[in-house]
4 protein chains.
Amino acid sequence: MKTITVGIIGAGRIGKVHAENITKFVPEMEIKRIADPYMSEETVVFLRRLRIPYITNDPEDVLSDPDIQAVIVCSPTDLHAEYTIRAARAGKDVFCEKPIDYRLERVHEAIDECRKAGVQLQVGFDRRFDHNHRAVYDAVQAGKIGDVNLVKISSRDPEPPTIAYVKVSGGIFYDMMIHDFDMARFLAGSDVTEVFAYGAVLVDPAIGEAGDVDTAVVTLKFANGAMGVIDNSRRAVYGYDQRVEVFGSKGAVMDGNDTPDNAVFYGEDGTVSGTCYKVMWDRYTGAFAAEQRAFVQALLSGSPVPVNGEDGLKSIIIAAAATKSMREGRPVKISEIE
Amino acid sequence: MKTITVGIIGAGRIGKVHAENITKFVPEMEIKRIADPYMSEETVVFLRRLRIPYITNDPEDVLSDPDIQAVIVCSPTDLHAEYTIRAARAGKDVFCEKPIDYRLERVHEAIDECRKAGVQLQVGFDRRFDHNHRAVYDAVQAGKIGDVNLVKISSRDPEPPTIAYVKVSGGIFYDMMIHDFDMARFLAGSDVTEVFAYGAVLVDPAIGEAGDVDTAVVTLKFANGAMGVIDNSRRAVYGYDQRVEVFGSKGAVMDGNDTPDNAVFYGEDGTVSGTCYKVMWDRYTGAFAAEQRAFVQALLSGSPVPVNGEDGLKSIIIAAAATKSMREGRPVKISEIE
Amino acid sequence: MKTITVGIIGAGRIGKVHAENITKFVPEMEIKRIADPYMSEETVVFLRRLRIPYITNDPEDVLSDPDIQAVIVCSPTDLHAEYTIRAARAGKDVFCEKPIDYRLERVHEAIDECRKAGVQLQVGFDRRFDHNHRAVYDAVQAGKIGDVNLVKISSRDPEPPTIAYVKVSGGIFYDMMIHDFDMARFLAGSDVTEVFAYGAVLVDPAIGEAGDVDTAVVTLKFANGAMGVIDNSRRAVYGYDQRVEVFGSKGAVMDGNDTPDNAVFYGEDGTVSGTCYKVMWDRYTGAFAAEQRAFVQALLSGSPVPVNGEDGLKSIIIAAAATKSMREGRPVKISEIE
Amino acid sequence: MKTITVGIIGAGRIGKVHAENITKFVPEMEIKRIADPYMSEETVVFLRRLRIPYITNDPEDVLSDPDIQAVIVCSPTDLHAEYTIRAARAGKDVFCEKPIDYRLERVHEAIDECRKAGVQLQVGFDRRFDHNHRAVYDAVQAGKIGDVNLVKISSRDPEPPTIAYVKVSGGIFYDMMIHDFDMARFLAGSDVTEVFAYGAVLVDPAIGEAGDVDTAVVTLKFANGAMGVIDNSRRAVYGYDQRVEVFGSKGAVMDGNDTPDNAVFYGEDGTVSGTCYKVMWDRYTGAFAAEQRAFVQALLSGSPVPVNGEDGLKSIIIAAAATKSMREGRPVKISEIE
C-alpha cells in the first residue's frame, strides 16, 4: 500500500480526533510527528498510545521534517493561515481546519501561497463526508431529483458555546453557519450570489450582550437560479440536529439525524425512540475519518482535493455577506463583499 | 348509477356501523329496511338520521320484502347461519358477518343453501379491505416479493373482552385469531395445511379460569410450501396493534399501524409520536366501507364476491385445528378436522 | 341534538365538498338550500343524492330564507366579500372560503359588516383542522416545546394551476402561500411583523411570463421574537407535500405527509413506500369536515369561531407584504401595508 | 489504564476481526500473540499493520506464554472446545467463538475445565452487544414493558452459505438460529423449556439435498410463561435483516435494521430509502468491539463475564431440541435433550 507521511500541528480536541482517526481508519497515512506548544500530560499519553513516533512542542519540527509530505493544521483559528502558508512554503500539501481565517485577505494569502508552492490545500468541512449528507449529495449528483430548485438545511447545536468564545468567534455566521454555507453550495452544485439574514437572541441574552445572535434564518440565491434556506440555533435540547433537504424538478431527497440506536418503545402514552446525538464528535465520527481518507487519496492519485481553498474562501465570503445583511436589514449580494 | 336494495338484520354495533358506512360511502346500495328485535330508542334515532325508510323489530320484514335483493346479516353469532340460510332461501344474496358459525356443519349448511339458491355469500372479513393490509396484498399479488416464503402477523387488542364473552366466544382462535387465519390465507395466496398452537394465560387469570388463553402463537404450513406465524394478545396497552409482513424470494413487504396523526415531538428525553388507535372502529373505519363497496360491486357486475363462504369455512377449520393443537400439544393437520 | 340550518352559496368544487362533508360528518348542520347560477345536471344529481331539499340558481333564495341561520360562501373569489356582506346584513353567520378578497378594503368592509350585524365570520383556512398540523399546534399550545423560536413550513403542490388561473390569482403569495401565512401565525401563536420574500421561476417559464413566480421562500419575523420560513413550489412530482415544524426552547415538533397506505417494500434496490397524496381533496378530506364541525360548534355554543375575519385579513396583509418584498428586494414591515 | 495481555488462536475472518477491533477500540487489551497454522502472506501483512508483536503458526506459543492472561479462541469450530480446554488448563481466561462445540459432551467438558481451572469463559454471542438489540434489552430490563409476554425475532441472511459448508454446519439451527436462541433467552430474561420447529427448503433445493432446510420458524416456551417465535431464512435479497421485538404487559419494544445512511428520496413512483447492510461485518461492526470491551472489563473488575459457558451450552441444547422437533414433527421439551 502506498502511504503518505504526515505531521499534525495542534493537539487540541480536533487535532486528537484527526490523530486517532488516521491511526485507526486511514492506513494510507503515517503520522510521523504531532506538535503543540501546550500539550498536557494526558494528551501525551493519548498520543503515545496511538504510537505516533514524535510528539513535540515545536510546530517547526513538523514543518522542517523533509519526510513529512503533508501537514494537518489543527492550531487555534488565528494561526490556521499562518501554518498553512509556512507548510506550503516548505513544499507540503496542507489539510487546514475550517475556517482558514476570518480575514479575507489572510485567506487569499493562504490560497495564493499554496498555489505558488504547487501544493494542495484541503479545508476541513467534514460534513461533506457525513454518510447521510453524502447520500443526499450523491442522489442529487446522480440526477435523481432533476434540476435543483431548493436547498433546505437545519443545523442546531445542543448547547451554546461559552460567552468568552462567542466574543471571539466572529459571530454565528462565521462560527456555526459557515458549515451550512459550505453544505448549501455543495448540495446546490452552484455558488451563492445573494443572501438575506434574520437573526435573533432567543436562547441566552448574554449572547446578545456579547454582540451576537443565537438563532438565525438565512435565505440564499444560487447562481443556477435555485434558492436556499438555512436555520441555526445555538440550543436544541434534544441534541445535535442536522438535516438537509434538496428539492428539484424530479423529486426531493432529504436525510434525518442519526441516533445511538433505533429501538422504539410502544407505550400507553406514546411511541418513543431515542434522541439525536448530544455531541458533535459522536454524530460526525465517521465524517472526520472520511475526510482524511479523501485527502490522502487525492494526494496519492494526484487528483484535486475534494474541498479546496476556494471552497473555504467562499464560505467565509457568504458569512461576511450574511453578517452584513443582518446588520443592514437588506439582502446583500456576494459581489458586494470583495 | 345502478343500485341494489338491501336490508340489514341486526342493529347492534356492527349493524349500525354497516348502516352508517353504506349510507355515507356506498351510493350503489340503498338500505330499505333494518330489523332487530331489541332496538333501543337511541338506536332508532341513529338509524332515522341515516334516513333508512323502514326500521323494524322483525327480521322477517327484511326476508319477505321482494324489493330487497341482498341481506346483510349482523345478528348475534349463533343466528348468522340461520339468517344466511333463510335469506338464501328467499333468493337474496347474503353478506354475513364473521364467523358464519362455530359449528362446521352449520357453516356447510349455510354454504350449501346459498349454492342451491344460486345466491352469493360474502363473509365479513373486513381486514382484507384495510388500506395497509391491502397494499401488502397488492404488492405480493404484483409479484414484487416473488415466491412467498413466510407470512407474519401480529394482532393484539387493546383490552380483553368481558369474561362473560370469553365463556361463549369459542376461544381466542375462533373469536380473535380467526381474522388472522383469513389474513394469512389471503396474503399467502394458499391454503393452510397444518397448524401448531401455543397458548398461555398472561393477561388475566380469569380468562384461564374461563377455559381460554389470552396470548397465543400459532405457526402454519401452507399448501404452497410457505410457512406462517401469528401472534395474538388480548391486551396491548398501546392500542390496537395489527401488522402483517410477507417475505419472499425477491423481498419483503410489511405494514405498520395507523395512528391518529403523524406528529413527532423531539424532546430532551426522547422522540415521541402517537400511539395506535385504541378502538377497532377507528382503525378499520375505511375497511368496513370498502368491504361493502366490494360486495355491491360484485353483485352489480355479476362477478364472484371477494370473500366467500369457503373462505369463512376455512378460517373456522383452521381455528378448530389450532384449538386441537393447543389442547393436544402437537401439530394438527387441517385434514384431521373434517 | 341541537342543529343549525345552513345554506350554501356556490356549488363548484369546494361547495360540493362542503355539502358532502356536512351531510356525512356534521350532524349538527342541516343544509336547507344550495344555490349556484351555473349548476350542471351532474352537480344537481350529486346534490340530490345528498338529499339537500332546495337546489337553486339564485343565491338570493339562500339569503332571504329566514330558516337559514348561517351561510357558507363558496362563490368565485371576487364575490366572497359580496355574499359575506349580504349574508351578514341578512343577519346570518357566515363561513367564507378563503380569501375573503384580494383587496384589503373589501376585506375590511366584510369584517365591519359582520361586526355591525353582530354575526360571526369564519374563514376557510381548512389546514388548521388537519389532524397532523393540529397535533403539532396542540403540542405547541400544551407547552411541550416551550417558547417558540422558529416555525418552518414546506408547502408544495403536485401541479401548477393553469396559466389562465395564474393571471387572475393575484400571485403565489395570495393564492398559495396564504394558507401558510395563516398556518405560520397559527403555529407561532403570534402575529407577523415583517417579511422577506425570494421568488423564482423554476417550474414553468409561462408562469413567469404571466407575471408570477412558481417557487418562493419567505422568511418571517413574529411579534413574539420568533422567526419563520415558508417554502412553496407549484410542482412536486411526488405529490402534495405539506410539512410543518415548530422549534422551541424545550424541543421541536413536526409532522409529515399522509400517504394512502403505510406498506413498505424491502427490495434488492431499496426500501420503497408510497408517495404523498396527489390531490388536495384526499390529503385534507378530514380537515374540511373538521372546520365545519368547529364552525357549527362555535355557533351552537355561542363561542367565537376558531378562524375569524381578522385571521383572514392578516394573511392577506402578509401576502401583500411578501409581494412587495419580492418586487422591491427588501424586507417589508407589515405596518407598511396598511 | 489497567490492561490485560491476550493471545488470539486463529487468524481467519473472525480472528482478524477481533484483532483489528481490539487494536482500535479496546485499549484495555494488549494483543501479544496471534497464532494460526495456515496464515497467508496477506494475513501476516494485515496483522503486522496492527502491530501485533508475535505472529506465529503454533497455537502452543499462545498457550504457553506466561504473559498472556486471556486467550481468544477463533479456530475452526471443531477445535473451539479443544483450545478452550487447553487455555483453561494453562490458567488463562477464555473468550471462545460460538458455538463451543456441536457435541454437548464437549461443551460440558469445556465448561467443566474452565470451572476447575478457576478461569472465566465468555462465548462469542456478539449480537447481545449490538447497539439496537441492546437498547431493546435495556428497555426490557428497565421494566418499561412490564412482564414479558412474547419475544419475536426475525433473522435472515443475504445469501446462503456454500453447500459444502451446509453439509458440515450441523444445520440451520446450530449454525444460524443459534444466535437467535441466545438472543431469545437474553431478551426474555428466562430459559427456554420447549420448542417447536417448522422448516422448509424454499431458497435452494441443494440445501435440502444436503440434508438441511433453508427457512425455519421456531416457537418457544420460556420458564417464565412467555412465548417466543423466531424466523430464519438463508436468503433475503435486500440484505442482512435482523429485527427483534419484545411485547409485555406495559408495552412493546422493537428495533429495526441499520442502513448505511438514512437519506430518503421522494420520487414520482414512491419514497425510497436504503437497504439493509449486505454483510454481517458491516451490520455488527460495533458489536464485535463491544463484546471484547465487555470481556476485558469483566476480567479487570473480577466480575462475571456477560455471556458465559452455560449460555453457550443452552443455545446448543435448544438447537438440538429444535432439530429433533423438526425431524419428529412434535414439540420437544428441553429436558428431553440432556
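How each quantity is defined
Residues numbered from 1 in each chain as written. Chains lettered and ligands numbered in written order. Predicted model: local features only at pLDDT ≥ 70, side-chain atom pairs only at ≥ 80, totals over all residues. Heavy atoms only, no water. Least-squares fit on C-alpha atoms with pLDDT ≥ 70 in both. Axes fitted to C-alpha atoms, helices over the stretch in contact; angles between N-to-C directions. Helix = DSSP H or I, 4+ residues; strand = E, 2+ residues; numbered from the N terminus. Left-handed = near helix turned anticlockwise from the far one by under 90°. Contact = heavy atoms within 4.5 Å. Nonpolar A, V, L, I, M, F, W, Y, C, P; charged D, E, K, R; others polar. Buried < 20%, exposed > 50% of the residue type's maximum accessible area, 1.4 Å probe, protein only. Polar contact = N/O pair within 3.5 Å; in protein donor to acceptor, adjacent residues only side chain to side chain. Buried area = accessible area lost by both parts, 1.4 Å probe. Salt bridge = Lys/Arg side-chain N within 4 Å of Asp/Glu carboxyl O. Phe/Tyr/Trp six-rings, centres within 6.5 Å; stacked < 30°, edge-to-face > 60°. Lys NZ or Arg CZ within 6 Å of the ring centre and 35° of its normal. pLDDT = per-residue confidence, 0-100. Disulfide = S-S within 2.5 Å.

K.L.:
Honestly, the relation of the copies chain C and chain B in this entry has me stumped. Any pointers?
P.N.:
Copy one and copy two of the chain differ by a rotation about an axis and a translation along that axis. Mapping chain C onto chain B calls for a screw motion: a turn of 180 degrees about the axis and a shift of 0.1 Å along it, with 0.0 Å RMSD after fitting. Here the two chains are linked by the operation of a two-fold rotation axis. When each C-alpha of chain C is compared by its distance to the rotation axis, Lys24(C) comes out closest, at 2.9 Å.

K.L.:
Would you explain the packing of helix 9 (residues 177–188) of chain B against helix 13 (residues 309–328) of chain B in this entry?
P.N.:
Packed helix pairs are characterised by how far apart their axes lie and by the angle those axes make with each other. Residue and element names in this part refer to chain B. Taken N-terminus to C-terminus, the directions of helix 9 and helix 13 make an angle of 115 degrees; their axes are 9 Å apart at the nearest point. Every pair of crossing elements has a handedness; the one defined by helix 9 and helix 13 is right-handed. Between helix 9 and helix 13, the residues in contact are Ile178, Phe181, Asp182 and Arg185 and Asp311, Lys314, Ser315, Ile316, Ile318, Ala319 and Ala322, respectively. Residue composition of the contact of helix 9 with helix 13, grouped by class: six nonpolar, one polar and four charged.

K.L.:
It is not clear to me how the side chain of Glu194(D) should be interpreted in this structure. Could you clarify?
P.N.:
Topologically, Glu194(D) is positioned in strand 8 (residues 192–200). Residue classification places Glu194(D) among the buried residues on the basis of a relative accessible area of 10%. Looking at Glu194(D), its side chain comes within polar contact range of the side chain of Tyr198(B), at 2.7 Å. Separated by 2.7 Å, the side chains of Glu194(D) and Lys333(D) make a polar contact. The residues touching Glu194(D), leaving out its near neighbours within four places in the chain, are Tyr198(B), Thr219(D), Leu220(D), Lys221(D), Pro331(D), Val332(D), Lys333(D) and Ile334(D).

K.L.:
How do you make sense of the interface of chain D and chain B when you look at a structure like this?
P.N.:
Buried accessible area, meaning the area lost when the parts come together, often serves as the stated size of an interface. Every contact between the two is made by 41 residues of chain D and, on the other side, 40 residues of chain B. Roughly 3,100 Å² of surface becomes buried between chain D and chain B when both sides are summed, with 66% attributable to carbon and sulfur atoms. When the buried surface of chain D facing chain B is broken down by residue, Tyr198(D), Met227(D) and Phe247(D) rank first, second and third, together holding 22% of it. Connecting chain D to chain B are six salt bridges. For Asp231(B), the salt bridge goes to Lys152(D), with nearest N and O atoms at 2.9 Å. One can count 10 residue pairs in polar contact (both at pLDDT 80 or more) joining chain D with chain B.

K.L.:
Whenever I open this one, the packing of aromatic side chains confuses me. Can you help?
P.N.:
When we look at a pair of aromatic rings, we describe it by the centre distance and by the angle of the planes. Following the criterion strictly, the structure yields 36 aromatic pairs over all chains and no others. Here the aromatic rings of Tyr102(D) and Tyr174(D) are separated by 5.4 Å at their centres, their planes lie at 80 degrees, and the arrangement is edge-to-face. Of the two residues, Tyr102(D) is situated in the loop between strand 5 (93–96) and helix 5 (104–117) and Tyr174(D) in helix 8 (residues 172–175); the sequence distance between them amounts to 72 residues. On the accessibility criterion, Tyr102(D) (22% relative accessible area) is partly exposed. The buried category is assigned to Tyr174(D), whose relative accessible area is 13%. Ring centres of Phe196(D) and Tyr198(D) lie 4.9 Å apart, and the angle between their planes is 75 degrees; this geometry places the pair in the edge-to-face category. The pair formed by Phe196(D) and Tyr198(D) is uniform in burial state, with each residue classed as buried. Each residue in the set Phe196(A), Tyr198(A), Phe196(C) and Tyr198(C) is aromatic and connected to the rest through ring pairs, giving one cluster. Lying across the ring of Tyr54(B), Arg33(B) places its NZ or CZ 4.4 Å from the centre.

K.L.:
What's the story with the confidence of the model for chain A in this structure? I'm lost.
P.N.:
For any part of a model where pLDDT is low, the fine detail of the predicted coordinates should not be relied upon. For chain A, the mean per-residue pLDDT works out to 96, and 100% of the residues sit at or above 70. Reported confidences for the modelled complex are a pTM of 0.96 and an ipTM of 0.95.

K.L.:
Got a minute to help me understand the interface of chain C and chain B in this structure?
P.N.:
Contacts between chain C and chain B engage 30 residues on the former and 30 residues on the latter. Carbon and sulfur atoms make up 53% of the area that chain C and chain B hide from each other, which totals about 2,200 Å². Sorting the residues of chain C by area buried against chain B places Arg51(C), Asn262(C) and Phe265(C) first, and these three jointly supply 24% of that buried surface. Summed over the shared surface of chain C and chain B, the result is zero salt bridges. Viewed at the interface, chain B and chain C are joined by 13 residue pairs in polar contact (both at pLDDT 80 or more).

K.L.:
Help me understand the state of the cysteines, please; the structure alone is not making it clear to me.
P.N.:
In protein structure, a disulfide is the covalent linkage between the sulfur atoms of two cysteines. Under the defined criterion, the tally for this structure stands at zero disulfides over all chains. Left without a disulfide partner, Cys114(A) is nearest to the cysteine sulfur of Cys96(A), which lies 8.5 Å away. We classify Cys114(A) as buried; its relative accessible area is 3%. Of the cysteine sulfurs around Cys96(D), a residue in no disulfide, the closest is that of Cys74(D), at 8.5 Å.

K.L.:
Sorry, what's going on with the relation of the copies chain D and chain B here?
P.N.:
Under the fitted operation, chain D is carried onto chain B by 0.0 Å of movement along the axis and a turn of 180 degrees, and the coordinates agree to an RMSD of 0.0 Å. A shared interface surface links the copies, since 98% of the contact residues of chain D are contact residues in chain B too.

K.L.:
What exactly am I supposed to notice about the environment of Ser301(D) here?
P.N.:
Residues and elements named next belong to chain D. For Ser301, the location among the structural elements is in helix 12 (residues 285–301). The spacing of Ser301 and Glu209 is 92 residues in sequence and 50 Å in space, taken between C-alpha atoms. In terms of polar contacts, Ser301 uses its side chain to reach the backbone carbonyl oxygen of Gln297, at 2.8 Å.

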